[in-house]
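Examination of the molecular architecture
Here are the chains, one letter per residue:
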Amino acid sequence: MVGGQSDDVLVIAGKEFRSRLIMGSGKFPDPETMNRAYEAAGTEMITVALRRLNLDDPNEKTLLDYIDWSRYAILPNTAGARTAEEAIHTARLARAMGLSDWIKLEVIPDPKYLLPDPIGTLEAAKVLVKEGFVVLPYINDDPILAKHLEEIGCATVMPLAAPIGSGQGLVNYSQIQIIIEQANVPVVVDAGIGAPSDAALAMEIGSSACLINSAIALAKDPVGMAKAMAMGVAAGREAYRAGRMARKAYASASSPLEGIVGR
Amino acid sequence: MVGGQSDDVLVIAGKEFRSRLIMGSGKFPDPETMNRAYEAAGTEMITVALRRLNLDDPNEKTLLDYIDWSRYAILPNTAGARTAEEAIHTARLARAMGLSDWIKLEVIPDPKYLLPDPIGTLEAAKVLVKEGFVVLPYINDDPILAKHLEEIGCATVMPLAAPIGSGQGLVNYSQIQIIIEQANVPVVVDAGIGAPSDAALAMEIGSSACLINSAIALAKDPVGMAKAMAMGVAAGREAYRAGRMARKAYASASSPLEGIVGR
Amino acid sequence: MVGGQSDDVLVIAGKEFRSRLIMGSGKFPDPETMNRAYEAAGTEMITVALRRLNLDDPNEKTLLDYIDWSRYAILPNTAGARTAEEAIHTARLARAMGLSDWIKLEVIPDPKYLLPDPIGTLEAAKVLVKEGFVVLPYINDDPILAKHLEEIGCATVMPLAAPIGSGQGLVNYSQIQIIIEQANVPVVVDAGIGAPSDAALAMEIGSSACLINSAIALAKDPVGMAKAMAMGVAAGREAYRAGRMARKAYASASSPLEGIVGR
Amino acid sequence: MVGGQSDDVLVIAGKEFRSRLIMGSGKFPDPETMNRAYEAAGTEMITVALRRLNLDDPNEKTLLDYIDWSRYAILPNTAGARTAEEAIHTARLARAMGLSDWIKLEVIPDPKYLLPDPIGTLEAAKVLVKEGFVVLPYINDDPILAKHLEEIGCATVMPLAAPIGSGQGLVNYSQIQIIIEQANVPVVVDAGIGAPSDAALAMEIGSSACLINSAIALAKDPVGMAKAMAMGVAAGREAYRAGRMARKAYASASSPLEGIVGR
Amino acid sequence: MRLKVNGQEREFENIGTVEDLIATLGIHRMIVVEHNGTILKRDRYATSRLNEGDVLEIVHMVGGG
Amino acid sequence: MRLKVNGQEREFENIGTVEDLIATLGIHRMIVVEHNGTILKRDRYATSRLNEGDVLEIVHMVGGG
Amino acid sequence: MRLKVNGQEREFENIGTVEDLIATLGIHRMIVVEHNGTILKRDRYATSRLNEGDVLEIVHMVGGG
Amino acid sequence: MRLKVNGQEREFENIGTVEDLIATLGIHRMIVVEHNGTILKRDRYATSRLNEGDVLEIVHMVGGG
């Protein structure tokens, strides 16, 4: 496992995390690979979805039956909800499972780019916060929306780097920087990360954590990629704390300019 | 120290390295910080420059007097040379130190952007390879020049990510990819890296190693940044080996599309 | 003046425009320069703001007193409004001028990045559309919000390329492409354009028009830049209609590969 | 035709041009389209290649037979040459045609990316300049090589924006800027331009001209694209002369901040 | 008795409560049950009586991102 | 009579209507007047009576983007 | 007489000079001729004698970028 | 004796060899010496005789990138 600094703790809604890599549980080739990926990454929180039971084979094992839930915090999502109403419904069902009152709030009307609805998300967040949920909303790169969500009591804001599952990297870099600059809650970059360099960049600009699913689950070697992503996140976080050099328009020699031989 | 996979070895001119981060020794604030940075990064090779001795204080300690050279391979450079002739001269002096016959070849006529001369570099490389040096040439992002240097017997090619000390990151991304695709010797990205995300990206596209000086030495906390860079390099390497997912133009859901509640 | 194709007409709310460059009237050095810029660009619509009259000098001339309003459509904005309520108020005052029932809707709570409020903008747009305004809302790069605004009857959507007056160019490229792909009303790129290449790019991906103020008014030569921007817009539009070649990962010779001399 | 400012003249080797768009003659669908494209663009110089005559049909018409050469300057290239020797040979044959002693020098050993050989190009340029040719060398984005070529007497330097025929745009932006900053001869961006926004950007940073073939000839409507490219080039040139506003990290309001209603 | 379970109309026999339904379906895993729009706590399965035409949702956790 | 015009409290004498106010202020340009929250059409200036403490907004168009 | 023209070996009869060759090939366009590595000016076609095994390049302009 | 050492002309007394020069300069560190353009191995310092006007480079390693 890839660890962070012992004194560098991520706190969401009062809960402490050492790992800043939240992982999904979708699309893995098999349970063994998934569990080894979690272990390799040292993740501490895993997202899950809620679906109707298949009544024709109700005890069929799913990936989740193989996860040791004493080791990981569970973060149910509302994936599949197209409206605030559907998201609220899904969140309530998720909480009734008795595993967590945290909810990754997704209100997604659009099937092609899977982009979240700012209006529906704010509406659902208001209701869920009032009902006592710890709400982690998935949002587009909109700093004003992020501010609204923070103000009504969301535990984090989770802007997308790029469309879900696209692996395009930090396409929305510029406005995520503004979100971070203005936020008083942790900013978690969620969706679109394709490689450790993307994750590192997200952390270098001050994100608090990354949530990654497809880029790990769909890698040729998910276990290796899980480790790589965890290192990328840790590298970016460490660099953020270490304070990067300023970018310069011109070059600046690494070797001394005086005492050059023969001149 | 940040380690790589035990079975993933970098070989340059027959010599094996576990670490894929080569570090410079310029611009560090003090020797203690520098040594702790080397240790934090787990580097195995350090570049140095050659300069005239200051006759007024010939025994004045330099940063290098504090390095335990039994632990690190030394890579002298020809920094300061503006022509092939000067570079050859400097290389011969460096070898006469008796520490190494490896040479980081730099032929740099231009003081503002510190960009290397393709003509002078190839000319000097031809002479130095014939004289038995292990030549690691610093070059611009020119795939044809890289091929020439490989063909005359250079041990690596070292294209610049961006101007030396600029911290601009992988500005020359596109042609470095072509260099890597066509190379049969290790490609070391040298100069311009500003943060771990840059280093990770260089490794993800298949570079064999990164050479970093300014971005570590000039960070607010060089030790933390050394560790961050080493993690970034390791993350990128691991991701290269793990095989990243393909980028997609559209989104692709992480949670299942069937069994959505209430639909 | 720089003209477009005679058969290529932009239609907003039933009104036809030949020019696809909408210009602002803020920040110009003097009225002569402003008018010559309008003429050089061949613009057909100009934005204006509403402000309290200075009672100490109520007849003081403003830039607008020098514009020949028989030549240009006027587009009042709600700049200065921080909430839906303030924007609605400003819009009503603007309409009472008797010059236009078109309104460029801006709801901007944030003074640093001048980013629009998605919630307040939708709320104000609903009211103003019902009151019979032709509403052109200024929005962030959110495709779902754009869809909502289109559905409630806005005449266009106007996503920002980058923060107002920043001249950063098409920073929000990726999601503006999605907005265009999904829109059934004209998409006008508003704010952030810094140079003709930005304007051309916005048009090449299928935007219907560009709204530009700072980049023209603050150029060293605003008249020259107005002409340049108009050419950039026209070039991008023409290219969109002409159908650009596909991007290729590899090279493809322009000269024939057969019959090469001496081979 | 799209004209430039009457007082803004491009001078190459003493010859004046009003148009800053040099066009190729390869890959056009038919001669009529090609001629209409030249006319639409108002180009003044056209590149051609040299090939062995097909002895089985020696009088077969080629595209070039349809061009009115009294209207356009002809610029033969050495395309197909892999070495300095082959390029020199081709250049001599081209001059023997009696149409021009100008030569677009291409030395390209690599068939996949069609990247030029810096060593071979410099070598051939030296010979050709001595033989009295007006040499316009096609080069990679290497500022030091550009300087060498200028020093030995080349009439221009022509760095590639991206690989020939790839339409990727100004991928080599950063170093082309340095080439322009350091050049005392016209810098012509050659190869890789895909759309007018690319051409405009090349001109905005101070290029003297663009050479475009594939992006026009392979557009769905080559005549429309020729006009679009000419406008893009003119727009970028005009903007360069007009002096663009500075990029800002933050926003800056276009409408006045004082006198806001109701505050 | 005809019930609508997870969107499908199905005929069940000899069941009176939600607990009966779960037993009949043979479900042995962690689930949540919603009965006519009301989410049931585990301890109310035995007392929640089913009637002709009732709508039930039986959901569980699956892999997701 | 004390009025609040464009956010400032000011004392005016010998004015009874909005038309009087505009004349007193010497305004000769295209404006819009809002009187106690109601936007006035031009033809209502003469009939809109002012009272102590009334709030007026007088706005015009300026350059903007 | 066997000549190598544009890379191909070909047999020609009754030709003595480059001018004869061009006539035989029926070429009526702007070309450049290289004879055994020497580029010929137009006015030397008639006087350039061909011999068995001579190498000729006959080139022309084509579309290119 | 006048020597040019590291680009500077300097006067030295009582020295005959490179070894003498190094002792006189008080150098106690790893260096390389070049004498009139020839790089000297360490064991040749004692036998390399200096003459009026000789040019010497004495270099060492420093931090660099």
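Residues numbered from 1 in each chain as written. Chains lettered and ligands numbered in written order. Predicted model: local features only at pLDDT ≥ 70, side-chain atom pairs only at ≥ 80, totals over all residues. Heavy atoms only, no water.

Looking now at the overall build of chain A. A tally of helices and strands in chain A yields eight helices and 10 strands. The C-alpha radius of gyration of chain A comes to 20 Å, within 12% of the 18 Å expected for a compact globule of 263 residues. Counting over 263 residues, chain A shows a buried share of 67%. Here the contacts in chain A between residues at least 6 apart in sequence split such that 65% fall between residues at least 24 apart. Summed over all atoms, the accessible surface of chain A reaches about 8,600 Å², with 48% contributed by carbon and sulfur. Within chain A, the 31 negative side-chain charges are centred at a point lying 4 Å from the centre of the 25 positive side-chain charges. (Helix = DSSP H or I, 4+ residues; strand = E, 2+ residues; numbered from the N terminus. Rg over C-alpha atoms; globule rule 2.2 N^0.38 Å. Buried < 20%, exposed > 50% of the residue type's maximum accessible area, 1.4 Å probe, protein only. Contact = heavy atoms within 4.5 Å. Areas by Shrake-Rupley, 256 points an atom, 1.4 Å probe, with all protein chains shown as cover. Lys, Arg positive; Asp, Glu negative; His and termini not counted. Charge placed at Lys NZ, Arg CZ, Asp CG, Glu CD.)

All right, on to the sheet that holds strand S6 (residues 102-105) of chain D then. Residue and element names in this part refer to chain D. If you trace the three strands from one edge of the open sheet to the other, you get S6-S7-S8, paired in parallel fashion. Among the strands making up the open sheet, the edge pair consists of S6 and strand S8 (158-159). Two elements, S6 and strand S7 (residues 134-139), share four bridges in a ladder whose sense is parallel. In the sheet register, Lys104 faces S7, and the bridge partner there is Leu136. (Pairing = 2+ DSSP bridges.)

Turning to the confidence of the model for chain E, a few remarks are in order. Across chain E, the average pLDDT comes to 93, with 100% of residues at or above 70. The ipTM, which scores confidence in the relative placement of chains, is 0.92 for this predicted complex, and the corresponding pTM is 0.93. (pLDDT = per-residue confidence, 0-100.)

This brings us to the interface of chain A and chain B. Across the boundary between the two partners, chain A contributes 69 residues, which contact 69 residues of chain B. Roughly 5,700 Å² is buried in total at the junction of chain A and chain B, and carbon and sulfur atoms are behind 57% of that figure. Of all residues in chain A, Met245, Val261 and Arg263 of chain A bury the most surface against chain B, accounting for 11% of the area lost on that side. Seen at the junction of chain A and chain B, the total is two salt bridges. Residues Glu238 of chain B and Lys227 of chain A are paired through a salt bridge, measuring 3.9 Å at the closest nitrogen-oxygen approach. If you list the elements that add at least two residues to the side of chain A that touches chain B, you get strand S4 (45-52), helix H2 (84-96), helix H6 (196-204), helix H7 (214-217) and helix H8 (222-242) of chain A. Considering each element in turn, the side of chain A that touches chain B owes the most residues, 11 residues, to H8 of chain A. By residue class, the composition of the side of chain A that touches chain B is 32 nonpolar, 21 polar and 16 charged. (Buried area = accessible area lost by both parts, 1.4 Å probe. Salt bridge = Lys/Arg side-chain N within 4 Å of Asp/Glu carboxyl O. Nonpolar A, V, L, I, M, F, W, Y, C, P; charged D, E, K, R; others polar.)

Another point: the environment of Leu63 of chain D. All names here are of chain D. Tracing the backbone shows Leu63 in the loop between strand S4 (45-52) and strand S5 (73-76). On the accessibility criterion, Leu63 (18% relative accessible area) is buried. For the pair Leu63 and Gly259, spaced 196 residues apart in the sequence, the C-alpha separation amounts to 65 Å. Setting aside its immediate chain neighbours within four residues, Leu63 contacts Ser25, Phe28, Asp30, Pro31 and Met34.

Between helix H3 (residues 118-130) of chain B and helix H3 (residues 118-130) of chain D, the least distance of the axes is 9 Å, while the angle of their chain directions is 110 degrees. Comparing their axes, H3 of chain D and H3 of chain B come out roughly perpendicular. Taking contact as the criterion, the partners of Pro118, Ile119 and Leu122 of chain B in H3 of chain B are, on H3 of chain D, Pro118, Ile119 and Leu122 of chain D. Partitioned by chemical class, the residues of the contact of H3 of chain B with H3 of chain D number six nonpolar, no polar and no charged. (Axes fitted to C-alpha atoms, helices over the stretch in contact; angles between N-to-C directions. Parallel < 35°, antiparallel > 145°, perpendicular 65-115°, else oblique.)

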